[in-house]
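Notes for the structure review
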Amino acid sequence: MKINDVILHSVTKVAVFIILTLAVYLFFSGHHNPGGGFIGGLILSSAFVLLFLTFDVETVKTAVPVDFKTVAAVGAFTAVATGLGSLFFGQPFLSQAFGYFGLPILGETELATVTLFESGIALVVVGVVVTIILSIGEDV
Amino acid sequence: MITFMLVASLILFGVAVGIALYRIIAGPTLPDRITAMDFIGVNLISVIGVISVLFNTLAFLEAILVMAILLFISTVAFARYIERGVIIERKRDR
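Overview of the structure. Just so we're clear, the structure is a prediction, and the values are computed from it rather than from any experiment.

A few points about the layout of surface pockets
If you add up the space inside the largest pocket, you get close to 380 Å³. Elements supplying a minimum of two residues to the lining of the largest pocket: α2 (37-54) and α5 (114-137) of chain A together with α3 (61-84) of chain B. Looking at the lining of the largest pocket, the element that brings in the most residues is α2 of chain A, giving seven residues. Here the residues of the lining of the largest pocket sort into 16 nonpolar, five polar and one charged.

Below you can see the structure in the form of structure tokens.
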């Protein structure tokens with residue numbers, strides 16, 4: 001039976017970009033406000049879950065040709081590597097630093113090394129959550 | 001005065017959530033329970049909005065967005081489960 005779900009498709013094509021924008025906003029507001037890598041990764045994976053719900057697994061796999069287990073592995077390596085980077089400066093493991101730099105367009109900007117660590121966390125969360133959802137939702 | 005109105009609205013939202021909770025527990029069919037769950041989620045979003053007005057802060061607005069997104073996705077998933085019996089399909093038939 002052919003099921004007509006054009007409303008869900010039309011809503012999803014717009015809502016996915018809103019969800020991705022919110023995920024990026026939450027990821028970058030993580031230093032002083034609610035947010036961070038874990039929450040941003042969860043919202044990002046919820047966008048992927050919405051795509052998997054609306055379309056099927058094959059379509060999304062051809063549209064986003066990444067292996068999510070590899071994404072989780074790369075994220076874990078990034079998080080541990082940025083933690084190890086502080087050892088080269090004689091600081092304890094996972095020490096973070098920040099500084100204020102004058103950028104051309106943005107002006108005075110705070111750049112922190114914790115953003116790299118948070119990007120690793122976000123990749124881990126996206127990979128693990130999407131892998132779990134696909135493993136559970138896969139019917140026999 | 002405005003504080004009294006906000007607190008009264010919070011109490012009424014609590015009563016509405018209680019009524020919806022009765023519908024979830026005693027609901028005869030699955031769509032009744034899903035609609036009641038959606039109703040509770042919308043009421044929670046409204047409660048967060050009222051509380052952020054009451055406390056005069058902007059810190060809760062991300063929680064509203066996140067809860068709205070999760071509510072939308074969960075409602076879509078339940079509707080998909082009722083309609084087809086399978087939530088994530090391997091391959092669409094078209």
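Regarding the pattern of salt bridges
For the coordinates displayed, the defined rule picks out two salt bridges over all chains. Here R80 of chain B and D5 of chain A are joined by a salt bridge, their closest N and O atoms 3.9 Å apart. Placement of the pair is R80 of chain B in helix α3 and D5 of chain A in the segment before α1 (6-28), with the two residues belonging to separate chains. Here R80 of chain B and D5 of chain A have matching classes, each one buried. Here K69 of chain A ties to D67 of chain A by a salt bridge, and the two come within 3.8 Å at their closest N and O atoms. Take K69 of chain A: its relative accessible area is 53%, and that puts it in the exposed class.

A look at the environment of A16 of chain B
Residues and elements named next belong to chain B. Position of A16 among the secondary structure elements: in helix α1 (residues 2-26). Once the C-alpha coordinates of A16 and L30 are considered, the two residues, 14 residues apart in sequence, prove to be 20 Å apart. Beyond its immediate stretch of four places on either side in the chain, A16 contacts F39 and N43.

Brief notes about the pairing of strand β2 (residues 107-112) of chain A
Residues and elements named next belong to chain A. The pairing of strand β1 (residues 98-103) with β2 spans six bridges and is antiparallel. Note that in β2 the partner of L103 across the bridge is G107. With antiparallel pairing between neighbouring strands as the criterion, β1 and β2 make up a hairpin whose turn holds three residues.

Quick look at the packing of helix α4 (residues 68-84) of chain A against α5 of chain A
Residues and elements named next belong to chain A. Contact pair α4 / α5: the axes reach a minimum separation of 7 Å and the direction vectors enclose 155 degrees. Taken together, α4 and α5 sit at an angle that is classed as roughly antiparallel. The element α4 and its partner α5 pack so that their crossing is left-handed. Where α4 abuts α5, its residues F68, K69, V71, A72, V74, G75, A76, T78, A79 and T82 lie against L116, F117, S119, G120, I121, L123, V124, V126, G127, V128, V130 and T131. Its residues assigned to classes, the contact of α4 with α5 shows 14 nonpolar, seven polar and one charged.

Rules used in this analysis
Residues numbered from 1 in each chain as written. Chains lettered and ligands numbered in written order. Predicted model: local features only at pLDDT ≥ 70, side-chain atom pairs only at ≥ 80, totals over all residues. Heavy atoms only, no water. 1 Å grid on protein atoms, 1.4 Å probe; cavity = no way out; pocket = protein on both sides within 12 Å on 5 of 7 lines; lining within 4 Å. Points joined across faces, edges and corners; volume = space filled by probe spheres on them. Helix = DSSP H or I, 4+ residues; strand = E, 2+ residues; numbered from the N terminus. Nonpolar A, V, L, I, M, F, W, Y, C, P; charged D, E, K, R; others polar. Salt bridge = Lys/Arg side-chain N within 4 Å of Asp/Glu carboxyl O. Buried < 20%, exposed > 50% of the residue type's maximum accessible area, 1.4 Å probe, protein only. Contact = heavy atoms within 4.5 Å. Pairing = 2+ DSSP bridges. Axes fitted to C-alpha atoms, helices over the stretch in contact; angles between N-to-C directions. Parallel < 35°, antiparallel > 145°, perpendicular 65-115°, else oblique. Left-handed = near helix turned anticlockwise from the far one by under 90°.

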